[in-house]
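Architecture and fold: a report
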Amino acid sequence: YSRGVTAGQGDTPQFQVGSELNLDKYYAPAAIDRKHNLVISGRLEIPRVEGLNLSGTLRMLSGTPLTIQNQNIDADRNTIFFDPLPAGTYSTTAEHGMRDVQSTGERNDVRGPGFVQLDMRLGYRVRLGGNRTLDVFGEVFNATNEANFVNPSGDFRTQADFLRYAGLVATTGLPRQFQLGLRFGF
């Protein structure tokens, strides 16, 4: 839960008119705010097969805030082209993106796409005597093959990109991946 009057360090108040900062209009959820954050992880030792175990981590997060705006319009005439569009329902014209988004006409009042990822590991440990072990394992990242997108553009002036899913979350939004490995412990 994060609220405030800045979008980032060094940010200038975007609703300032003359010497009036209008911080009340700028107060909103911060860009890092998430309403929900659930992480479940566990490990299971497979019965009757000594050394075999299964583990996994499931992460589910709600989306981060974004503002529905039009950077061609300077409604408050402060030479800062950041003014939220009026309250209403907005949709992308692109094939993939956010549809029927309800905006209140305030900063950061819309939530972007959520995030879901399940990572799993199956491993087998062989004891070689003494302190020596050999681990053989297989891992799958994003087992559900869920596409996790970053927030789309909320800028209405660029209709081709407005609310269109265009980028994946770096390193974790990628498609399903497998990895095999060996580990020798001594």
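Residues numbered from 1 in each chain as written. Predicted model: local features only at pLDDT ≥ 70, side-chain atom pairs only at ≥ 80, totals over all residues. Heavy atoms only, no water.

**Remarks on the overall build of the protein chain**
The test is simple: Numbering goes from the N terminus for both helices and strands, where a helix is a DSSP run of H or I of at least four residues and a strand is a run of E of at least two. In this treatment the radius of gyration is a C-alpha quantity, and the globule benchmark scales as 2.2 Å times the residue count to the 0.38 power. Note on classification: 1.4 Å probe, protein chains only; a residue is buried when its accessible area is under 20% of the maximum for its type, exposed when over 50%, partly exposed between these limits.
Counting its regular elements, the protein chain contains one helix and 11 strands. For the protein chain, the sequential pattern of α-helices and β-strands runs β-α-β-β-β-β-β-β-β-β-β-β. Taking 16 Å as the expected radius of gyration for a compact globule of 186 residues, we find that the protein chain reaches 23 Å, considerably beyond that expectation. Along the longest, intermediate and shortest principal axes, the C-alpha atoms of the protein chain span 75 × 35 × 20 Å. Here the protein chain, with 186 residues, has 32% of them falling under the buried criterion.

**A few points about the sheet that holds strand β4 (residues 52-61)**
Put simply, the rule reads: DSSP-based pairing: two strands are paired if at least 2 bridges between them are found. Simply put, an axis is a line fit to the C-alpha atoms, just over the touching stretch for a helix, and the angle between two N-to-C directions goes from 0 to 180 degrees.
If you trace the five strands from one edge of the open sheet to the other, you get β3-β4-β9-β10-β11, paired in antiparallel fashion. Pairing within the sheet leaves two strands with one partner each, and these edge strands are β3 (37-45) and β11 (177-185). Ignoring which end each strand starts from, the neighbouring axes of this sheet average 15° apart. Pairing between strand β9 (residues 115-129) and strand β10 (residues 132-141): nine bridges, direction antiparallel. When the bridges of β10 are listed, Arg121 appears paired with Glu139.

**Concerning the environment of Gly56**
Defined as follows: Residues count as neighbours in contact if any of their non-hydrogen atoms are within 4.5 Å of one another.
Counting through the fold element by element, Gly56 comes out in strand β4. Classification of Gly56 by relative accessible area gives partly exposed; the value is 21%. On a C-alpha basis, the gap between Gly56 and Ser153 in space is 33 Å, while along the polypeptide they are 97 residues apart. Apart from the residues lying within four places of it in its own chain, the contact partners of Gly56 are Ile40, Ser41, Gly42, Asp119 and Met120.

**Concerning the environment of Phe186**
Among the secondary structure elements, Phe186 is positioned in the segment after β11. A sequence separation of 166 residues divides Phe186 from Glu20, and the C-alpha atoms of the two residues are 67 Å apart. Residues within four places of Phe186 in sequence aside, it is in contact with Asn131 and Arg132.

**Some details on the pattern of salt bridges**
To be explicit about the condition: Salt bridge, as used here, is a side-chain nitrogen of Lys or Arg placed within 4 Å of a carboxyl oxygen of Asp or Glu.
Across all of its chains, the model carries eight salt bridges by this definition. Its salt-bridge partner being Asp33, residue Arg3 comes within 3.1 Å of it at the nearest N-O pair. Within this pair, whereas Arg3 is found in strand β1 (residues 3-4), its partner Asp33 is found in the loop between β2 (28-29) and β3, the two being separated by 30 residues in sequence. Classification of Arg3 as partly exposed rests on a relative accessible area of 28%. Taking relative accessible area as the criterion, Asp33 reaches 2% and is therefore assigned buried. Across the salt bridge formed by Asp33 and Arg111, the nearest N and O atoms sit 2.5 Å from each other. Taken together, the residues span a long stretch of sequence, with Asp33 in the loop between β2 and β3 and Arg111 in strand β8 (residues 110-111) at a distance of 78 residues. Note on Arg111: relative accessible area 22%, which makes it partly exposed.

**Describing the side chain of Asp83**
With respect to the element layout, Asp83 can be found in the loop between β5 (65-66) and β6 (88-90). With residues up to four places along the chain from it excluded, the contact list for Asp83 reads Phe15, Gln69, Asn70, Ile73, Asp74, Ala75 and Asp76.

**Here we look at the confidence of the model for the protein chain**
Worth spelling out the cut-off: Residue-level confidence of the predictor is summarised by pLDDT, bounded by 0 at the bottom and 100 at the top.
Across the protein chain, pLDDT averages 89, with 96% of residues at or above 70. Averaged over each element, pLDDT in the protein chain is lowest for helix α1 (residues 23-26) (78) and highest for β3 (97).

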